[in-house]
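What the coordinates show
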Amino acid sequence: MRTLPNNWPSSAHYQGIQFVSQIFDEMFFDYTADSYRTPALSTLHRAYEGHLATQQIIQQALNPVSVKPIVQEMIYSLKNDPISKSILKNRTDFICQRLTKAQEKPKDARDLFAYARDNLDDSYALTAKRLLKEAIHTPHHKEHTQKLCREFGAYLINIGYTRQYIRHIINEILLTGDPNQREPDQLLEEFLSCFTEDVFNFTTYVWVENKFKQYLNQFSSLDFTEIRLADLDNNIKNKSRSFFQNRKGKSLLYAEDIEEKDPAAARNFVSTMLHVNRSFIYSINPESGFSWDERIFVHEPKNNIGSPLGQHQAPLLRRSSVSSKEATARTERRIDTIFKHLNKNSQQQVFRALTSFSNAFNSESLETQFVSVWSSLEVLLPDPSENARIVTYVEYVTACSGIYYSYRNFSWLFSDLKTSYDRAFLELLKEDKNFESDIGKFISIMCTTEHESTRLKLCELVADNPLALWRLHLLHESHKTPASINKFIKRHTERVAWQIHRIYRTRNSLLHSGQRLPYLDSVLMNVQEYFSNIIDALEDRSKIRLSPSHKDTILTEISFDLRFLEERLREGGDSRINQQDILNFVWLPGENF
């Protein structure tokens, strides 16, 4: 959650559009925590996915264990998506009831997925836009608005828009200029009008090594044609004089009729074709070193617009920057922990996993990155016993994600508020006398009844920030009682389990059929997050053990601890949280509070 760069009016009239702008900014911001990013699929595309997956199960191409999570996720999605509920109306309950009964019947589930898909397909985008336009005039209905934004954001990714382009539109329209100069309806209409069902026809220009150009059309479905600068239309040249300049040892090639949703998608498609061509050549002559300029000029002839676009920023590289000193300290702590507190066999496995993970950074290909990170995750996890492999993976990944989930949410919000409000925020935290650390004070203020007045002051401090107010409200409500914390963690682990099943299906699809899925970017970021969660969990748990342990022992312990935590939270019921409860239910083991 960032402070928006432009000055928003403080009137309630602008609260709705400001909140929508913040949600979209956060969903597509490079360093957003996984809980606040765009979902992998909209409800409509979950219906598409469910229909395909159940058909594969019927054809015995997919493990039947996949039916239940696919159905459960679809039921949750239908019940919580305002867009699909607006379209389906009372048919929502009908479909959910039938899906519940179809969890052991793939054919029935397949037909229900098809029914939902066919009823949602034609009007999903139009309904989403209409509801968003209505939502900015009801700024107090934040949960409804947030759901709309998340579903529409996922829909845009699913139909082929790139994060790069969506991010550009968010910056250009919602985050640039003075909002006072435009009415909320005008701002939102301008933003939404950038996303249509249309597919555009692009022409691309790229500089390649002279010795590479002769191979390009041999292996590619894309026709590359050489063109001299003297023969290039001045109208195109004038759009970027610096790009269209002769380069020693390189030729300018163009490719026409590239059909994509946006310029970044066209640029990425051409880059992929160049990589494919080079891979074919490498398979014959590994010593060949053909290259091209990563900046590719993308022109859209119909509207006569174009500009050079740089290399697609891979999700793995979207990491918040830290100082070299801090990075060195973190690395030293991690190495020290692994050497001192894990046994030799576990050390080898962790290092092998980290090596596989680091290999992902050497490729621009999302597919290669995904396979590398997934392989590193598999190395970290215990071998499956009598369970299906995916069942074992779900158990341990959800345990490492769930056990620290409450603390991480407080930590994310604490960091955001500290960045945005600095000293004023830290001064408020001094009103808590129970904890020594600032993060401990923040959790105490957010959870306990004795700090009601401090919470009100905190809300007054962030009154100009609708998203910050909403985050404070959500965390307070979800951590008032043991029962509410249990629901909060349970909801998260269910979502993680569904996503692990999707990631596993994506892995099988890539390795066995070579099919690329439109949400690969999203699941890659998720699997990276899960890998980091496991590494963090191993580091946190191993350093408080008295003797070197096997990683599988620690991961099994974490799995049992999550079940024990859920049991204690159920027993705690609706009693209000106190200071000891924070240590028992929220705090990290071994952390200095």
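Scroll up a little and you will see the structure.
Residues numbered from 1 in each chain as written. Predicted model: local features only at pLDDT ≥ 70, side-chain atom pairs only at ≥ 80, totals over all residues. Heavy atoms only, no water.

**Describing the layout of surface pockets**
Using the following cut-off: Points on a 1 Å grid over protein atoms alone make up a cavity when a 1.4 Å probe fits among them but cannot get out, and a pocket when they form an open set with protein on both sides within 12 Å along at least five of seven lines; lining residues each have an atom within 4 Å of a point. Grid points are joined across faces, edges and corners, and a volume is the space filled by probe spheres set on the points. The secondary structure listing takes helices from DSSP runs of H or I that are at least 4 residues long and strands from runs of E that are at least 2 residues long, numbered from the N terminus. Charged residues are taken to be Asp, Glu, Lys and Arg, nonpolar residues to be Ala, Val, Leu, Ile, Met, Phe, Trp, Tyr, Cys and Pro, and polar residues to be all remaining types, Gly included.
Considered as a void within the structure, the second largest pocket measures approximately 1,400 Å³ in volume. Around the second largest pocket sit 44 residues that line it, and Ser35, Tyr76, Arg150, Arg491 and Arg495 are the ones nearest its centre. Mapped by element, the contributors of at least two residues to the lining of the second largest pocket are α3 (67-80), α8 (142-158), α18 (405-429), α21 (466-478), α22 (482-512) and α23 (520-542). In terms of residue count, the dominant contributor to the lining of the second largest pocket is α22 (12 residues). Classifying every residue of the lining of the second largest pocket by side-chain character gives 13 nonpolar, 13 polar and 18 charged.

**Examining the packing of helix α1 (residues 15-28) against helix α9 (residues 163-174)**
Keep this limit in mind: Only the contacting stretch of a helix is used when fitting its axis, a line to C-alpha atoms as for every element, and angles between N-to-C directions run 0 to 180 degrees. Just so you know how the angles are binned, under 35 degrees is roughly parallel, over 145 roughly antiparallel, 65 to 115 roughly perpendicular, and the rest oblique. Should the near helix be turned anticlockwise from the far one by less than a right angle, the crossing is left-handed, and should it be turned clockwise, the crossing is right-handed. We call two residues in contact whenever any of their non-hydrogen atoms come within 4.5 Å of each other.
Where α1 contacts α9, the axes come no closer than 10 Å and their chain directions differ by 150 degrees. The pairing of α1 with α9 is recorded here as roughly antiparallel in orientation. For α1 against α9, the interelement crossing comes out left-handed. Between α1 and α9, the residues in contact are Ser21, Phe24, Asp25, Met27 and Phe28 and Arg163, Ile166, Arg167, Ile170 and Leu174, respectively. In the contact of α1 with α9, the residues fall into 6 nonpolar, 1 polar and 3 charged.

**Structural notes on helix α6 (residues 106-120)**
Here is the rule: Helices are assigned an expected span. That span is 1.5 Å times one less than the residue count. Partly exposed describes any residue whose relative accessible area lies between the buried limit of under 20% and the exposed limit of over 50%, with all areas from a 1.4 Å probe on protein chains only and scaled to the type maximum.
For α6, built from 15 residues, the straight-helix expectation of 21 Å at 1.5 Å per residue is met to within 8% by its first-to-last C-alpha distance of 21 Å. Looking at α6, one finds that the buried residues are Ala109, Arg110, Leu112, Phe113, Ala114, Ala116, Arg117 and Leu120. On the buried face of α6, the contacting elements are α2 (43-58), α3, α4 (82-88), α5 (91-101) and α7 (124-135).

**A word on the sheet that holds strand β3 (residues 250-260)**
Spelled out, the test is: Whether two strands pair comes down to DSSP finding at least two bridges between them.
Taken in spatial order, the 5 strands make up an open sheet running β2-β3-β1-β4-β5, and their pairing is antiparallel. Each edge of the open sheet carries a strand with a single partner, namely β2 (225-226) and β5 (305-309). Both strand β1 (residues 200-209) and β3 contribute to a ladder of 9 bridges, which runs antiparallel. Along β3, the bridge assignment pairs Glu209 with Lys250.

**Description of a negative patch on the surface**
Threshold: Any residue with relative accessible area above 30% and no salt bridge may belong to a patch, with like charges joined within 9 Å and the nonpolar Val, Leu, Ile, Met, Phe, Trp and Tyr side chains within 5 Å. Per-residue accessibility takes into account occlusion by the displayed protein chains alone, with areas from the Shrake-Rupley method and a 1.4 Å probe. The rule for a salt bridge is simple: a side-chain nitrogen of Lys or Arg has to be within 4 Å of a carboxyl oxygen of Asp or Glu. Under the convention used here, Asp and Glu are negative, Lys and Arg are positive, and both His and the chain ends fall outside the count. Lys charges are placed at NZ, Arg charges at CZ, Asp charges at CG and Glu charges at CD.
A cluster of like negative charges, contributed by Asp121, Asp122, Glu197 and Asp198, occupies part of the molecular surface. Within the secondary structure, Asp122 is located in the loop between α6 and α7. Looking at Asp122, the relative accessible area reads 72%, which means it is exposed.

**Regarding unusual backbone geometry**
One can expect most non-glycine residues to show negative phi and most peptide bonds to be in trans. The phi dihedral of Gln60 is positive, around 60 degrees, even though this residue is not glycine. With respect to the helices and strands, Gln60 occurs in the loop between α2 and α3.

**Concerning empty space enclosed by the protein**
Summed over the entire model, instances satisfying the criterion amount to 3 cavities of 30 Å³ or more. One number sums up the size of the largest cavity: a volume of about 70 Å³. Around the largest cavity, the lining residues are Arg334, Thr337, Ile338, Leu342, Val350, Ile535, Leu538, Glu539 and Ser542. Looking at the lining of the largest cavity, the elements with two or more residues in it are α14 (324-341) and α23. Residue contributions to the lining of the largest cavity peak at 4 residues, all from α23. Taken together, the residues of the lining of the largest cavity sort by class into 5 nonpolar, 2 polar and 2 charged. Here the second largest cavity is characterised by a volume of approximately 60 Å³. Lining the second largest cavity are Asp34, Ser401, Tyr405, Arg408, Trp412, His492, Glu529 and Asn533. Elements that contribute at least two residues to the lining of the second largest cavity include exactly α18 and α23. Element by element, the count of residues in the lining of the second largest cavity is highest for α18, at 3 residues. Along the lines of polarity and charge, the residues of the lining of the second largest cavity split into 2 nonpolar, 3 polar and 3 charged.

This is a description of form; function is not addressed.
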